[in-house]
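# Coordinate analysis (summary)
Listed below, chain by chain, are the residues.
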Amino acid sequence: MTTALRTLWLQSGSCGGCSMSLLNAESPDLYATLEYAGIELLWHPSLSEASNGEFIDLLNRIMSGEQALDILCLEGSVMRGPNDTGRFHMLAGTGRPMMQWIADLSRKARYTIAIGSCAAFGGVTMAGGNPTEACGLQYEGNQPGGLLGEDWHSPEGLRVINVAGCPVHPGWVTDTLAQVAMGDMDETQLDEWNRPRSYTNHLVHHGCTRNEFYEFKASAEAPSDQGCMMEHMGCLGTQAHADCNRRPWNGEGSCIRGGYACINCTAPVFEEPGHPFTETPKIAGIPIGLPTDMPKAWFVALASLSKAATPKRLRENAVADHIVVPPGSDKKRGER
Ligand code: SF4
Ligand code: SF4
């Protein structure tokens, strides 16, 4: 019988949304997934019943080597302030800043996983002048470094695995944990931001229910319009690496299906795009952020062709909050 991978989950500069999301894992649920994957959750701030004293005892046993630690998960950014002392987040009962515990424990764990864009890159806790001096485990925004430094590697020789997203999809976390448990996680499984390719080899655009509108550049102009949100409403789905629309949340949802533009929350510095999230910045009427892999000239040529060919049904439905022009009927049986 193989030994379960002992996993510790810590939270620091976090809203708790990634844990909330994780609890929505389904088919199978979180506990079944962990059991199938051979993951033993040593402690989680929302799920564990251990007292503070028992928790601190656990940390001390990990540090002394008495308790093995295979996977360290951090949810939330590392708060280094004020003035790099880490005193904005002290770990209760230890007299030590959380950032010191995170650095020490990451040296013990065979794998360290950043859960969410805060832990990966700093995320929304870095926004607005970053008063808490927040950063990610191995990035500060889009700059390598963070708490552990660019050259840091875990005892298994991997850098921090960045399960980025705000919040993360529960499946991204459980898939990553299972992949680590199967011994199938190495650098080839991670993209240029050290995010698992299991979900970042896709774009949010893939599987979007508005794809027909996109093809004909039939665009939404106001919230609740049904059209594609790229041209006017700030949608970054053609550039955002994630499988949200191929693997909807809770089986059926995504930001776009809820009527909100994709804001590319799996990418570093998504939190401060420099313009309102639901506006598309343009130059000479052309969106600045064009689809990944597509040269600008091609996009402009295709867009003008598409617009010239937009069917009435899509043109009118795109700017309505319900179907005003239904698809044409098939010919009746027997008709020629
Ligand atoms: S990544 Fe988003 S959901 Fe997760 S802790 Fe940070 S702010 Fe909350
Ligand atoms: S650009 Fe956005 S709204 Fe339009 S089809 Fe792609 S993901 Fe959907």
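Fair warning: this is a prediction, and the values are worked out from it, not measured in the lab. (Residues numbered from 1 in each chain as written. Chains lettered and ligands numbered in written order. Predicted model: local features only at pLDDT ≥ 70, side-chain atom pairs only at ≥ 80, totals over all residues. Heavy atoms only, no water.)

## Overview of the site of ligand 1
Surveying the vicinity of ligand 1 reveals the residues Ser14, Cys15, Gly17, Cys18, Gly116, Ser117, Cys118, Val124, Gly165, Cys166 and Pro167. Those elements giving two or more residues to the shell around ligand 1 turn out to be α1 (17–22) and α5 (116–121). Residue contributions to the shell around ligand 1 peak at 3 residues, all from α5. Its residues assigned to classes, the shell around ligand 1 comprises 6 nonpolar, 5 polar and no charged. (Near = heavy atom within 4 Å. Helix = DSSP H or I, 4+ residues; strand = E, 2+ residues; numbered from the N terminus. Nonpolar A, V, L, I, M, F, W, Y, C, P; charged D, E, K, R; others polar.)

## Structural notes on the pattern of salt bridges
With the rule as written, the count across this model stands at 13 salt bridges. Between Arg80 and Glu140 there is a salt bridge, with its nearest N and O atoms 3.1 Å apart. Of this pair, Arg80 sits in the loop between β4 (78–79) and β5 (90–91) while Glu140 sits in strand β9 (residues 139–140), and the two are 60 residues apart along the sequence. The exposure class assigned to Arg80 is buried, which follows from its relative accessible area of 15%. With a closest N to O distance of 2.9 Å, Lys307 and Glu231 form a salt bridge. Taken as a pair, Lys307 in helix α9 (residues 296–308) and Glu231 in the loop between α8 (211–215) and β12 (282–283) lie far apart in primary sequence, 76 residues in all. A relative accessible area of 15% places Glu231 in the buried class. (Salt bridge = Lys/Arg side-chain N within 4 Å of Asp/Glu carboxyl O. Buried < 20%, exposed > 50% of the residue type's maximum accessible area, 1.4 Å probe, protein only.)

## Topic: the layout of surface pockets
Of the voids in this model, the largest pocket is the one considered here, and its volume is about 270 Å³. Around the largest pocket, the lining comprises 20 residues; the ones closest to its centre are Leu236, Gln239, Asn264, Pro273 and His275. Considering only residue class, the lining of the largest pocket consists of 13 nonpolar, 6 polar and 1 charged. (1 Å grid on protein atoms, 1.4 Å probe; cavity = no way out; pocket = protein on both sides within 12 Å on 5 of 7 lines; lining within 4 Å. Points joined across faces, edges and corners; volume = space filled by probe spheres on them.)

## With respect to the packing of helix α3 (residues 52–64) against helix α4 (residues 98–108)
Where α3 meets α4, the axes come as close as 9 Å, and the angle between the chain directions of the two elements is 50 degrees. Of the possible angle classes, the one that applies to α3 and α4 is oblique. For the pair α3 and α4, the crossing hand works out as left-handed. Residues Leu59, Asn60, Ile62 and Met63 of α3 pack against Trp101, Asp104, Leu105 and Lys108 of α4. Tallied by class, the residues present in the contact of α3 with α4 amount to 5 nonpolar, 1 polar and 2 charged. (Axes fitted to C-alpha atoms, helices over the stretch in contact; angles between N-to-C directions. Parallel < 35°, antiparallel > 145°, perpendicular 65-115°, else oblique. Left-handed = near helix turned anticlockwise from the far one by under 90°. Contact = heavy atoms within 4.5 Å.)

## Section: unusual backbone geometry
Between Gly81 and the following residue, Pro82, the backbone shows a cis peptide bond with an omega angle of -5 degrees. Of note, the bond from Cys166 into Pro167 is cis; its omega dihedral lies within 30 degrees of zero at -5 degrees. Tracing the backbone shows Pro167 in the loop between β11 (161–163) and α6 (170–181). One non-glycine residue with positive phi stands out, namely Ser27, at about 50 degrees. As for its placement among the helices and strands, Ser27 is situated in the loop between α1 and α2 (30–37). For Ser27, a relative accessible area of 72% gives the class exposed.

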